[in-house]
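So you can see what is in the structure, the chains are spelled out below.
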Amino acid sequence: VADKSKIVFYVVTPKGMERYMEQQVHAHYPEAVFEKTDDYNIFNENSHVIAGSLRTTRKFIFPVKTYSKMETDPMNSILNVMSKLEKGDGRAIQYIVRSSRASWHRTGSDIVRRVHKGRKINEVMSPNYLSKIFGFLGEIFSLTTGSKNDLTDNQPNRLSAMEEEMLKGIEEKNSKAGLDVNLRIIVSAKN
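Residues numbered from 1 in each chain as written. Predicted model: local features only at pLDDT ≥ 70, side-chain atom pairs only at ≥ 80, totals over all residues. Heavy atoms only, no water.

A look at the pattern of salt bridges
Link 1 in the chain: Throughout the structure, instances matching the rule amount to 6 salt bridges.
Link 2 in the chain: Here Arg 19 ties to Glu 22 by a salt bridge, and the two come within 3.8 Å at their closest N and O atoms. Note that Arg 19 and Glu 22 are positioned in helix H1 (residues 18–28) at a spacing of 3 residues, about one turn of the helix.
Link 3 in the chain: On the accessibility criterion, Glu 22 (24% relative accessible area) is partly exposed. (Salt bridge = Lys/Arg side-chain N within 4 Å of Asp/Glu carboxyl O. Helix = DSSP H or I, 4+ residues; strand = E, 2+ residues; numbered from the N terminus. Buried < 20%, exposed > 50% of the residue type's maximum accessible area, 1.4 Å probe, protein only.)

Describing the packing of helix H3 (residues 104–116) against helix H6 (residues 161–174)
Link 1 in the chain: For the pair H3 and H6, interaxial distance at closest approach is 9 Å and the crossing angle is 150°. The angle between H3 and H6 falls in the class roughly antiparallel. At the point where H3 passes H6, the crossing takes the left-handed sense. Residue-level contacts link Trp 104, His 105, Gly 108, Ser 109, Val 112, Val 115 and His 116 of H3 to Leu 167, Ile 170, Glu 171, Lys 173 and Asn 174 of H6. (Axes fitted to C-alpha atoms, helices over the stretch in contact; angles between N-to-C directions. Parallel < 35°, antiparallel > 145°, perpendicular 65-115°, else oblique. Left-handed = near helix turned anticlockwise from the far one by under 90°. Contact = heavy atoms within 4.5 Å.)

Here's the deal with the pairing of strand E4 (residues 90–99)
Link 1 in the chain: As paired strands, strand E1 (residues 2–3) and E4 are joined by 2 bridges and run antiparallel to one another. Bridge assignment links Ala 2 to a residue of E4, and that residue is Arg 91.
Link 2 in the chain: Bridging between E4 and strand E5 (residues 179–189) involves 10 bridges; their strand directions are antiparallel. Directly across from Tyr 95, in E5, lies its bridge partner Leu 183. (Pairing = 2+ DSSP bridges.)

Section: the environment of Lys 173
Link 1 in the chain: Tracing the sequence through the fold places Lys 173 in helix H6.
Link 2 in the chain: Judged by relative accessible area, Lys 173 falls into the partly exposed class, the value being 25%.
Link 3 in the chain: C-alpha separation for the pair Lys 173 and His 105, spaced 68 residues apart in sequence, amounts to 9.0 Å.
Link 4 in the chain: Lys 173 has contacts with Phe 60, Ile 61, Phe 62, Pro 63 and Trp 104, leaving out every residue within four places of it along the chain.
Link 5 in the chain: At 3.0 Å, the side chain of Lys 173 forms a polar contact with the backbone oxygen of Phe 62. (Polar contact = N/O pair within 3.5 Å; in protein donor to acceptor, adjacent residues only side chain to side chain.)

A word on the sheet that holds E1
Link 1 in the chain: Taking strand neighbours across the sheet as the criterion, the 5 strands line up as E2-E1-E4-E5-E3 in an open arrangement whose pairing is antiparallel. Because the sheet does not close on itself, it has two edges, and the strands there are strand E2 (6–7) and strand E3 (48–54).
Link 2 in the chain: Contacts between helix H2 (residues 74–83) and the sheet are confined to E1, E2 and E4, with E4 contributing the most and set at about 145° to the helix.

Topic: the nonpolar core
Link 1 in the chain: Within the largest apolar cluster, 10 residues are counted, these being Ile 61, Phe 62, Ile 111, Val 112, Val 115, Ile 121, Val 124, Met 125, Leu 167 and Ile 170.
Link 2 in the chain: Put simply, the parts of the chain that give this core at least two residues each are H3, helix H4 (121–125) and H6.
Link 3 in the chain: Excluding residues within four positions of it along the chain, Val 112 makes contact with Leu 167, Ile 170 and Glu 171. (Core = buried A, V, L, I, M, F, W, Y, C linked by side-chain atoms within 4.5 Å.)

Notes on a nonpolar patch on the surface
Link 1 in the chain: The grouping of Tyr 95, Val 97, Leu 179 and Val 181 at the surface amounts to a nonpolar patch, some 400 Å² of accessible area in total.
Link 2 in the chain: For the nonpolar patch, the elements supplying multiple residues, two or more each, are E4 and E5.
Link 3 in the chain: Topologically, Tyr 95 is positioned in strand E4.
Link 4 in the chain: Judged by its relative accessible area of 47%, Tyr 95 is partly exposed. (Patch = residues over 30% accessible without salt bridge, like charges linked within 9 Å, V, L, I, M, F, W, Y side chains within 5 Å. Areas by Shrake-Rupley, 256 points an atom, 1.4 Å probe, with all protein chains shown as cover.)

Here we look at the environment of Ser 175
Link 1 in the chain: With respect to the element layout, Ser 175 can be found in the loop between H6 and E5.
Link 2 in the chain: In the structure, Ser 175 is positioned 67 residues away from Gly 108 in sequence and 9.7 Å away in space, judged by C-alpha atoms.

Section: unusual backbone geometry
Link 1 in the chain: Despite not being glycine, Asn 46 shows a phi value in the positive range, around 60°.
Link 2 in the chain: On the secondary structure map, Asn 46 appears in the loop between H1 and E3.
Link 3 in the chain: Overall, the relative accessible area of 71% leaves Asn 46 in the exposed class.

Next comes the structure, spelled out in structure tokens:
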């Protein structure tokens, strides 16, 4: 939260998780100081409020770039923008985070498995209802006739280097615990 010429980080956590959260933050930011406080208020009289949320443009199974693969600290960009406030303005970036259901792993595993069986990535990533129905019927037919599972086995699907890298990224993300994140940006300003 940027308000009154300072930037402050707030963490809200369920009761009983305070100590755990503090340890997690101190593991990455040993100099951090924690204190219990009342809720913040970035809103001022005679100000305009704009709020929005961010989401990825691609499917959730694709990995997002993490701090370990970035050349600069991503917090620098965010803090630079938030530090440029006029008097009486306020900004907040809220990360609402919770653990995902374990079933999210199934989608990524299914896509990787189907591509390795010979299906094309674009076919697997955006199948329409007809291709789902015909794919299901084809799998049933192959099980009853004892034939191979995929009709393209005589002509194996060759993946490009970029497609291989994409699959590797999906597999890597799939090996981690998942989080559902709601990222909101709220600005209160005179203009």
